[in-house]
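Here are the chains, one letter per residue:
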Amino acid sequence: MAVRATVSRFPIDSDALEASGLPWGVTVTPFAAKDENGIAPARGSNGHLLPRCENCYAYFNTYCELDQWAWNCSLCGTLNGLPSDAIARYSNPHSIPEMSSSFIDLELPLDVSEEEMTLARPVYVAAIDLSSSEEFLELTKSALLAALEALSPGSLFGLATFSHKIGLYDVQGPVPVVKNVFIPPDAESKLPLELEDAMPLLQFLAPVETCKDRIAAALETLRPITSWERSSGAAQGMDGVLMGGRGFGTAMEALFNYLGSEFGNTFALARVFAFLSGPPDYGRGQLDTSRYGEQYASKRVDADRALLPEQTPFYKDLATIAVQSGVCVDVFAVTNEYTDLASLKFLSIESGGSLFLYSSTDDSTLPQDMFRMLNRPYAFNCVLRMRTSNEFKPLHSFGHFFPDPQYENLQHIICCDSYATYAYDFDFADNSGFSRHSGYPPVVQIAFQYTVVVPPEGLSSSELPSSSRGKHTLQRRLRIRTMQFSAAQNINEIYDSVDHEVVLALLVHKVILVSLEDGVREGRALIHDWLVILTAQYNDAFNLVQYKNGNKSMSSQIDITFSQCPQLEPLPRLVFALLRNPLLRFHEEGVHPDYRIYLQCLFSVLEPSSLHCGIYPSLMSYSTPDKLAYPRHSLSRAALMTSGSPIFFLDAYTTLIVFYSSTADPSLPFPPPQDCLLRKTINEVKQGRNITPKLMFIRGGQDDATAFENYLIEEQDVDGSGFASAMGFVAFLDDISQSVAEYMK
């Protein structure tokens, strides 16, 4: 569990918080195997015996004062009695995880019988769009063949298709058999036949280790639905024109109800991979994509506001059905047409899944993403609880979870991998703040309860004998991280303890929320105004603006680069980069609304360092493929020209670019050889990602360098994409300086 705070020295009271101009909060990556310093938790069992405070329900931890019979809660100060079994256990503290570490991971007892535990087989279902192209199906087949290699022995796999009908495949016999159920064309009607009646679920779900070849054979039989088939099965308009044939909503609803019958019996969590090649346009949940083509400017409507909200609650409601059925949905959209991901996204993010968008089949990383996703560990049925000491409290929570309807600061996460990150911001509970001389410093405690599926004890998946395959076991665990902070005695201590990457993370979460509610323009205004206020507060705190004749003389005196505080120096560049990011660029600049939604979903789960990379890419240079020249450059053409280096490596999180300058020595090997330092760096970067970044090699002067040059944002106008010496980052700083002067008058 990695936890990072915007400031490691907390503001002492609400006045100090306001004076700093900084957001106050933390990011949490609960299922990360280690903490932010690379330290693993102390592991143990009997998590249900861990003492809890009678007042605030916090867990006993190393910061609590303990005597023979009682302990003081480090969060609220309450004196709690110790039960007799705890007194006996704590008499030998060296063997007790909670006595040796503030980061612990304990096993909890399960309420199910051993027989039920061994039935907890991982279940995976692929739902494939047949209202698509041959290229789309070829890509999907490649992805699923990669997925089959990543699935653990004992997993069950089901293959389904959808168009104007749902196809269910039985691959357990000698020849794959498909049963079809036709979808009613209108948006109100449900299926005439339950899927269970078309094919019993346990006939549909096949054991991977015995049926892998037959699953692959079934995939080879998939063909796109022809226009003739669609016209005979799909709805006809008044003039006989085809009205569609992608019954995605009906198919998903039927699949969730189908799988739900075995939830808690055959499986504890089912994952549905939905492969989509365009917008749902048939049956329930069909979407009107004509809104994308509307002329918003002529109607005086803000397109950046009109295209971000969902047009129907259908998929949000469908996510609830998925959760109740024990299903987590990953949506893979491979399309360059408007698909309205603003409506579809809820199906994945609210069921604990992921949303992937690929603009074409040509260079799609879908197979690699599938393999990567299934190869990493995940937890499910998770509960995340944030507690703080009495003086402050969590104000907002951000991330792909849903809040508990009854308890405050309690979030439910359906499925959580080791990358998924959540954020909280804090506020003071009252005006008193932290005491300057108190023996009780600020404390944050995060409890994460989760379930994992493990193979039989002592055997890895590859070592399992065939008789034991499938006998997976559920394990419920409790992970707790307790952190003690200190209160800053003055504003300098706050500024000196800033983590700019965590500040950026909280800002991005807030900007996304404002964009969804009030449009992109408001999101841009929020981030711009925040930087103006921060700069003004900083200049005020350091007395950098002088008074003349009773008035502040502004202009040249304002320090807009935070030269007195190195920890704040990166922030203007990060805000500028955020304003140039497709997340906040205007619709008229050509930002596709689906791509904006995809970025919102991606950026909402990234840990701070990865998010920093996505907003302001890292650029390093090499003198040869085996020798690093400079580890960090600003994203400007001037930086490239003055460096004199021949090779540049740009990491924009989703894209990696190796760029050879036009003046590079022709004898330098292109592309860089596999055994060089640059390739090693690229491979390390790719290994640490939750998605597969697209890798490009560009030779300046010979290849089209537009993809690389687009990332050199510092000469770009913050409100447009033109290049000119009077624009870009320098002009942006001038604008901030003028705004600060106005603000401080």
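For the structure, check the block above.
The structure reproduced in this document is the subject of the present report. (Residues numbered from 1 in each chain as written. Predicted model: local features only at pLDDT ≥ 70, side-chain atom pairs only at ≥ 80, totals over all residues. Heavy atoms only, no water.)

## Focus: the overall build of the protein
- Per the secondary structure count, the protein includes 24 helices and 31 strands.
- Taken across its 745 residues, the protein has 56% of its residues classed as buried.
- For the protein, restricting intrachain contacts to residue pairs at least 6 apart in sequence, the fraction spanning at least 24 positions comes to 76%. (Helix = DSSP H or I, 4+ residues; strand = E, 2+ residues; numbered from the N terminus. Buried < 20%, exposed > 50% of the residue type's maximum accessible area, 1.4 Å probe, protein only. Contact = heavy atoms within 4.5 Å.)

## Some remarks on the environment of leucine 395
- Summarising the element assignment, leucine 395 is placed in strand 18 (residues 392-398).
- Of the residues examined, leucine 395 reaches a relative accessible area of 42% and is grouped as partly exposed.
- Each C-alpha atom of the pair leucine 395 and asparagine 409 lies 8.7 Å from the other, and the pair is 14 residues apart in sequence.

## So, the nonpolar core
- With 196 residues, the main nonpolar core has Leu22, Phe157, Met252, Leu259, Phe275, Met370 and Phe708 as its most contacted residues.
- Every residue in contact with phenylalanine 275, bar those within four places of it in the chain, is listed here: Ala126, Ala127, Ile128, Asp129, Phe136, Thr140, Ala143, Leu144, Phe162, Phe332, Leu366 and Met370.
- Leu50, Phe60, Leu106 and Val443 belong to the second-largest nonpolar core, a separate cluster that totals 22 residues. (Core = buried A, V, L, I, M, F, W, Y, C linked by side-chain atoms within 4.5 Å.)

## Section: the sheet that holds strand 7 (residues 79-81)
- The strand order across the open sheet formed by three strands is 5-6-7, and the pairing between neighbours is antiparallel. Looking at which strands have only one partner, the edges of the open sheet turn out to be strand 5 (65-66) and strand 7. (Pairing = 2+ DSSP bridges.)

## Digging into the sheet that holds strand 1 (residues 2-5)
- Strand order in the open sheet formed by four strands is 1-3-21-18, with antiparallel pairing between adjacent strands. The open sheet terminates on both sides in strands that have one partner only, identified here as strand 1 and strand 18. Shown here is a sheet whose adjacent strand axes are inclined to one another by a mean of 25°, direction ignored.
- Pairing analysis gives four bridges linking strand 3 (residues 25-29) to strand 21 (residues 422-428), with the strands arranged antiparallel. Paired with glycine 25 across the bridge in strand 21 is aspartate 425. (Axes fitted to C-alpha atoms, helices over the stretch in contact; angles between N-to-C directions.)

## Quick look at the pattern of salt bridges
- Inspection of the entire model under this criterion finds 21 salt bridges.
- When the shortest N-O distance is used, the salt bridge between arginine 89 and glutamate 98 registers 3.5 Å.
- A single network of salt bridges, built from pairs that share partners, joins Arg4, Asp499, Glu501 and Glu607. (Salt bridge = Lys/Arg side-chain N within 4 Å of Asp/Glu carboxyl O.)

## What about the packing of helix 17 (residues 520-541) against helix 18 (residues 571-580)?
- At a minimum axis separation of 10 Å, helix 17 and helix 18 run at an interaxial angle of 170°. In terms of orientation, helix 17 and helix 18 fall into the roughly antiparallel class. As helix 17 runs across helix 18, the sense of the crossing is left-handed. Across the interface between the two elements, Arg524, Ile527, Trp530, Leu531 and Leu534 of helix 17 pack against Leu571, Pro572, Val575, Leu578 and Leu579 of helix 18.
- Among the residues making up the contact of helix 17 with helix 18, the classes are represented as nine nonpolar, no polar and one charged. (Parallel < 35°, antiparallel > 145°, perpendicular 65-115°, else oblique. Left-handed = near helix turned anticlockwise from the far one by under 90°. Nonpolar A, V, L, I, M, F, W, Y, C, P; charged D, E, K, R; others polar.)

## Notes on the pairing of strand 17 (residues 378-388)
- Burial within strand 17 is extensive, with nine of its 11 residues counted as buried.
- Pairing of strand 17 with strand 20 (residues 410-417) involves seven bridges; the strand directions are antiparallel. Bridging across to strand 20, alanine 379 finds its partner in cysteine 416.
- Note that strand 17 and strand 22 (residues 443-454) share seven bridges and pair antiparallel. Looking at strand 22, one finds that arginine 387 is bridged to glutamine 445.

## Concerning the packing of helix 10 (residues 248-260) against helix 12 (residues 314-324)
- Look at helix 10 against helix 12: their axes get within 9 Å of each other, and the N-to-C directions meet at 15°. When the interaxial angle is binned, helix 10 and helix 12 end up roughly parallel. For the pair helix 10 and helix 12, the sense of crossing is left-handed. In this structure, helix 10 contributes Phe248, Gly249, Met252, Glu253, Phe256 and Asn257 to the contact, and helix 12 contributes Phe314, Tyr315, Leu318, Ile321 and Ala322.

## Comments concerning the state of the cysteines
- Applying the stated criterion to the full structure yields zero disulfides.
- Unpaired in terms of disulfides, cysteine 73 finds its nearest cysteine sulfur in cysteine 56, a separation of 3.7 Å.
- Taking relative accessible area as the criterion, cysteine 73 reaches 1% and is therefore assigned buried. (Disulfide = S-S within 2.5 Å.)

## Points about the packing of aromatic side chains
- Counting across every chain of the model gives 35 aromatic pairs.
- With a centroid separation of 5.7 Å and 80° between ring planes, the pair formed by phenylalanine 10 and phenylalanine 392 is classed as edge-to-face. With a gap of 382 residues between them, phenylalanine 10 in strand 2 (residues 9-10) and phenylalanine 392 in strand 18 connect regions that are remote in the sequence.
- Phenylalanine 10 gets classed as buried once you look at its relative accessible area, which sits at 0%.
- Three or more aromatic residues link up through ring pairs in this structure, and these residues are Phe10, Trp24, Phe392, Phe426, Phe428, Phe434 and Phe485.
- The aromatic ring of tyrosine 378 is capped on one face by arginine 271, whose charged end is 5.0 Å from the ring centroid.
- Over the face of the ring belonging to phenylalanine 103 we find arginine 481, whose NZ or CZ atom lies 5.5 Å from the ring centre. (Phe/Tyr/Trp six-rings, centres within 6.5 Å; stacked < 30°, edge-to-face > 60°. Lys NZ or Arg CZ within 6 Å of the ring centre and 35° of its normal.)

## So, helix 16 (residues 500-518)
- With 19 residues, helix 16 extends 26 Å from end C-alpha to end C-alpha; this agrees with the ideal 27 Å at 1.5 Å per step.
- The backbone nitrogen of glutamate 501 has a side-chain oxygen 3.1 Å away, supplied by the residue at the start of helix 16, namely aspartate 499.
- Following helix 16 by one or two positions, glycine 519 adopts a phi angle in the positive range, close to 100°. (Expected span 1.5 Å × (residues − 1). Polar contact = N/O pair within 3.5 Å; in protein donor to acceptor, adjacent residues only side chain to side chain.)

## Observations concerning the environment of cysteine 565
- Mapping cysteine 565 onto the fold places it in the loop between strand 26 (551-552) and helix 18.
- Cysteine 565 gets classed as buried once you look at its relative accessible area, which sits at 0%.
- Sequence separation between cysteine 565 and asparagine 492 is 73 residues, and the spatial gap between their C-alpha atoms is 8.5 Å.
- When near neighbours in sequence (up to four residues on either side) are disregarded, cysteine 565 contacts Tyr495, Asp496 and Tyr538.

## Considerations on unusual backbone geometry
- Here the residue pair phenylalanine 670 and proline 671 is connected by a cis peptide bond, since its omega of -10° sits within 30 degrees of zero.
- Within the secondary structure, proline 671 is located in the loop between strand 30 (655-660) and helix 22 (677-687).
- Even without glycine at this site, asparagine 46 takes up a positive phi of about 55°.
- Here asparagine 46 shows up in the loop between strand 4 (42-44) and strand 5.

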